[in-house]
Amino acid sequence: MKKRRTLPVFLSVLLTFLFVITACSSNDSSKGSEGVNAENEQQKGDKTKPANEETEKERNNPPADEKKEPVTLKLITWNVGLYQEAFDMFHAKYPWITIEPILTGGSDAALIEKAAAMQTAGDPADLTWLQGLSDWTKDGLLEDLTPFIENDPTIQNAEVVDGFTDAFRTGDKIYAMPFSRIAAWIVVNKDLLKKHGMEMPSNDWTYDDFLEMAKKATDPAAGEFGISYDQTMYYFLNWIYPVANGSAENLIFMNKDLTQSVAQTPAVMADLKWLQDLTTKWHVRPTAAEGEKLGWDRGNNFLTGKVLFSMGLDWLLPGYQKEAKFEWDILPMPRGKATQATLQIQGPTAILSASKHKAEAFLWLSFQYELEMQKWMMRNGSNTWVIHPELDNYIDQVPLWQGKNKEAVKMTTTMCCGMPGASVPDWSEYQGTIDTALIGPMYDGSDLNAIIPKVEAFNKKTLESRKLLGW
């Protein structure tokens, strides 16, 4: 969960190296729980268990008089922010384990360089955030987490949203697990709604509703527009809208098994034309020239009070709560022709194969599935992936959501789709190429067909890369 980072920094990372992985596949979240329970029962009755063979309960809750050797887990990351609170929560539960963040650049190249330097110096890191997997796995830099997961009661007994665990799978191995699940909402300026004689729509509103409301709120003479000019709104609408219409089965124009882009297909091209028309035909979003004339930063425009709809995300919402001089609320992303989709940014963490503290490092990964940590995510504007009645009720205690559309938060938990990325070879190149190529057409009306040869080149290359990687 990236907290209090500047949006330009976030987008520079997001454009080139994306968080994670797949969307809407099925998963049996209780897989392996019977075996774990049977093992626990056997241990209860086994009076001759070796002294060094701890149960999970004993490992997580050692006797007060038991002395543990202090362990410092070094986590390579590009940001700390509010995540220090989570590190402190983890340390409170496991007092002998401390997490030390090691800051570096956000690209996989920078992260790998830091990991290699630390290993060469004889002080290897234990954990790392990452963007894609192929650059890490081809050199064996990551630990396969599958055995840890299969024997971890916290994870095995957790009910999680469909497809969540398999979203981090590459073949028969899992090399990464989540540290965040950040959903996208539409954030609404309710003062502008009132000014233009509109009310909040229902949570099953449509993209037609979205456009008509944006038209009513647009008054260029007053410097007011229906849709924000900032980059998150631009990118995320491009990614989500084709999924909502059934034109793409995964975000960012990817097919069902994430092997090919469908951005060049007639259906997706028609969706992109609709999105382009928001600026060029309907003029509910400023052109680049208008945005510059208004003095609007590409980072975020919502706090100007001149935009009806913008993007709500966990690193933006607390700022809106503190700084907005107008009343605001949230809505789920609109419903398209096929479904109601959002995006879930699922940030991956991995254990480095060079780590000297793999068991302790996995405790941190398992900790993310505990209700305490899931609640912390909710308090800071993120989504959850564990399904539990206690979490449904907890939303009423979260200050951020007081007086807001809480049902939108609840329904978004199980909405498609998770961000692709880590398990797609050549993902960094694809995203940087396709998203960058769309900036001009969306803001100045130039030819959308310019992306077609770029998509075709990626589709050829990524299949070749899969063969080389054995995926």
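Residues numbered from 1 in each chain as written. Predicted model: local features only at pLDDT ≥ 70, side-chain atom pairs only at ≥ 80, totals over all residues. Heavy atoms only, no water.

### Some points on the pairing of strand S11 (residues 328-331)
Next, step 1: Of the two faces of S11, the one lined by Trp328 and Ile330 and the one lined by Asp329 and Leu331 are each fully buried.
Next, step 2: Where strand S8 (residues 185-189) lies against S11, 4 bridges are found, and the strand directions are antiparallel. Within S11, the residue paired with Val187 across the bridge is Ile330. (Buried < 20%, exposed > 50% of the residue type's maximum accessible area, 1.4 Å probe, protein only. Helix = DSSP H or I, 4+ residues; strand = E, 2+ residues; numbered from the N terminus. Pairing = 2+ DSSP bridges.)

### Brief notes about the state of the cysteines
Next, step 1: Across all of its chains, the model carries 1 disulfide by this definition.
Next, step 2: One disulfide bridge connects Cys416 with Cys417, the sulfur atoms lying 1.5 Å from each other. Between Cys416 and Cys417 the disulfide shows an S-S torsion of about 65°. By sign, it is right-handed. Comparing Cys416 with Cys417, the two get one shared label, buried. (Disulfide = S-S within 2.5 Å.)

### Remarks on the packing of helix H12 (residues 266-280) against helix H19 (residues 427-444)
Next, step 1: Packing of H12 against H19 brings their axes to within 7 Å, and their N-to-C directions diverge by 50°. In terms of orientation, H12 and H19 fall into the oblique class. Across from Leu272, Leu275, Gln276, Thr279 and Thr280 in H12, the residues of H19 making contact are Leu438, Pro441, Met442, Tyr443 and Asp444.
Next, step 2: Classifying every residue of the contact of H12 with H19 gives 6 nonpolar, 3 polar and 1 charged. (Axes fitted to C-alpha atoms, helices over the stretch in contact; angles between N-to-C directions. Parallel < 35°, antiparallel > 145°, perpendicular 65-115°, else oblique. Contact = heavy atoms within 4.5 Å. Nonpolar A, V, L, I, M, F, W, Y, C, P; charged D, E, K, R; others polar.)

### Details of the nonpolar core
Inside soluble globular proteins, nonpolar side chains tend to come together where they are buried.
Next, step 1: Counting residues in each nonpolar core, the largest one holds 147 residues, and the members touching the most others are Phe210, Phe253, Leu272 and Trp364.
Next, step 2: Considering every element that reaches this core, the biggest residue donor is helix H11 (residues 231-244), with 10 residues.
Next, step 3: The residues contacting Phe210, other than those within four sequence positions of it, are Ile186, Trp205, Ile227, Met233, Leu237, Trp274, Phe309 and Pro334. (Core = buried A, V, L, I, M, F, W, Y, C linked by side-chain atoms within 4.5 Å.)

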